[in-house]
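Observations on the three-dimensional arrangement
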Amino acid sequence: MPAIVGVAQVITLGSSSVFHIGDVYKIMPFSTAKTFSGAGSFNTGDQVDVQNQLSSTNTSDPDVIDQNNFLNM
């Protein structure tokens, strides 16, 4: 079903961004990334109160490959 879209203002897009309006058949990533961070790392806002008594980030990855993008060309 067609989409009816109003005004869209795009200020900036990153190099691996996807900007999608309306109908789409397929969206595939061209790159993947893995991020490790400790407790409370991505908290944003005013007056955030994070109390981490002991924080440890496990970076062990025994399977090595989580999501591939081999055929996304």
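Heads up: these notes are all about the structure in this document. (Residues numbered from 1 in each chain as written. Predicted model: local features only at pLDDT ≥ 70, side-chain atom pairs only at ≥ 80, totals over all residues. Heavy atoms only, no water.)

Right, let's talk about the overall build of the chain for a bit. Broken down by element type, the chain carries 0 helices and 0 strands. For the chain, with 73 residues in total, the buried portion stands at 1%. Taking all contacts inside the chain whose residues are at least 6 apart in sequence as the whole, residues at least 24 apart take part in 36%. When the accessible area of the chain is evaluated, it comes to approximately 7,200 Å², of which 52% is carbon and sulfur surface. (Helix = DSSP H or I, 4+ residues; strand = E, 2+ residues; numbered from the N terminus. Buried < 20%, exposed > 50% of the residue type's maximum accessible area, 1.4 Å probe, protein only. Contact = heavy atoms within 4.5 Å. Areas by Shrake-Rupley, 256 points an atom, 1.4 Å probe, with all protein chains shown as cover.)

Here the focus is unusual backbone geometry. Positive phi, normally seen in glycine, also occurs at Gln47, with a value near 55°. Residue Gln47 is classed as exposed on the basis of its relative accessible area of 81%.

On the basis of relative accessibility, which here comes to 60%, the residue Gln51 falls in the exposed class. Residues Gln51 and Ala39, spaced 12 residues apart in sequence, show a C-alpha to C-alpha distance of 9.3 Å. A polar contact is formed between the side chain of Gln51 and the side chain of Asp49, at a distance of 3.3 Å. (Polar contact = N/O pair within 3.5 Å; in protein donor to acceptor, adjacent residues only side chain to side chain.)

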